[in-house]
Amino acid sequence: MNSATLSFSGKLLPSTKLIASANVPNYKSSMMKIQYLGFQKHAALAISVVLNRLPSVNLSATVDILSIAIGMKATYTTSGQFAAYDAGISVTKPNCDASIILADKGDIIRALYVHYFDQVRKIAAVAEISRRFSKKENNLTVGRFMDYG
């Protein structure tokens, strides 16, 4: 059986984009997505609705103020459950980056730190520590980065 894809992309409001697509005749694999990028590029919001055997709604949002960024994403299905959710916070400074991420539906927490030893960010030390609560596992990773290129 042949199929065709119909797509529409347009602006609803300033900094807003609507994307809708449908596969004909298989409309159950269709998707509609609304994206909002606003607040002078300091915030973003994306919502998508996926129509398939198990329809779902996906939501992601970020806010970036000064050197701190906070973000989250979640997927909610028609079965009445969250299929996925993650959240994180990040701080960026001239000589370092640090973040804490809660992932895999809250099962994993991860802290990352990068320290730059030069102004052009070509030499750095990196550390990551993570904890998987369901398996009671901890991981520590350390390393260095040097770009001679």
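Anything mentioned here points back to the structure above.
The sections below set out a description of the structure shown in this document.

Procedures and definitions
Residues numbered from 1 in each chain as written. Predicted model: local features only at pLDDT ≥ 70, side-chain atom pairs only at ≥ 80, totals over all residues. Heavy atoms only, no water. Helix = DSSP H or I, 4+ residues; strand = E, 2+ residues; numbered from the N terminus. Contact = heavy atoms within 4.5 Å. Areas by Shrake-Rupley, 256 points an atom, 1.4 Å probe, with all protein chains shown as cover. Salt bridge = Lys/Arg side-chain N within 4 Å of Asp/Glu carboxyl O. Buried < 20%, exposed > 50% of the residue type's maximum accessible area, 1.4 Å probe, protein only. Pairing = 2+ DSSP bridges. Phe/Tyr/Trp six-rings, centres within 6.5 Å; stacked < 30°, edge-to-face > 60°.

### Observations regarding the overall build of the chain
Counting its secondary structure elements, the chain contains zero helices and 11 strands. A separation threshold of at least 6 residues defines the contact pool for the chain, and within that pool the share at least 24 residues apart is 10%. Surface summary for the chain: the accessible area is close to 10,800 Å², and the carbon and sulfur share equals 64%.

### Here we look at the pattern of salt bridges
The final tally for this structure, using the stated rule, is four salt bridges. In this structure, Asp104 and Arg132 form a salt bridge, with 3.2 Å as the shortest nitrogen-oxygen distance. Placement of Asp104 in the loop between β8 (96–103) and β9 (108–116) and of Arg132 in strand β10 (residues 123–132) is noted, with a sequence separation of 28 residues between them. Taking the relative accessible area as the measure of exposure, Asp104 reaches 40% and is therefore partly exposed. Accessibility expressed as a relative area gives 25% for Arg132, which makes it partly exposed.

### Here's the deal with the pairing of β10
Regular strands place their side chains on alternate faces of the sheet. For β9 and β10, the ladder comprises nine bridges, and the chain directions are antiparallel. Following the sheet pairing, Leu112 is matched in β10 by Glu128. Pairing between β10 and strand β11 (residues 137–146): 10 bridges, direction antiparallel. Residue pairing in the sheet places Arg131 in a bridge with Asn138 of β11.

### Some remarks on the side chain of Ser99
Within the element layout of this structure, Ser99 appears in strand β8. Residue contacts for Ser99: discarding those within four places in its chain leaves Ile89, Ser90, Arg110, Ala111 and Leu112.

### Notes on the packing of aromatic side chains
Summed over all chains, the structure comprises two aromatic pairs. Here the aromatic rings of Tyr76 and Phe82 are separated by 5.1 Å at their centres, their planes lie at 65 degrees, and the arrangement is edge-to-face. Judged by relative accessible area, which is 38%, Tyr76 ranks as partly exposed. Taking the relative accessible area as the measure of exposure, Phe82 reaches 43% and is therefore partly exposed. Between Phe82 and Tyr85, the ring centres sit 6.0 Å apart and the planes meet at 90 degrees, which makes this aromatic pair edge-to-face.

### Here we look at the environment of Leu45
Here Leu45 lies in strand β4 (residues 43–51). Taking the C-alpha atoms as reference points, Leu45 and Ala61, separated by 16 residues in sequence, lie 4.4 Å from one another.

### Topic: the environment of Val63
Checked against the element boundaries, Val63 lands in strand β5 (residues 56–65). With 20 residues separating them along the chain, Val63 and Ala43 place their C-alpha atoms 4.4 Å apart. Those residues within four positions of Val63 in sequence are excluded, and the remaining contacts are His42, Ala43, Ile68, Ala69 and Ile70.

### Observations concerning unusual backbone geometry
The backbone of Leu66 shows a phi angle near 55 degrees, a positive value even though the residue is not glycine. Tracing the backbone shows Leu66 in the loop between β5 and β6 (68–77). Positive phi outside glycine occurs at Lys105, with the angle close to 55 degrees. Within the element layout of this structure, Lys105 appears in the loop between β8 and β9. The class of Lys105 is partly exposed, set by a relative accessible area of 40%.

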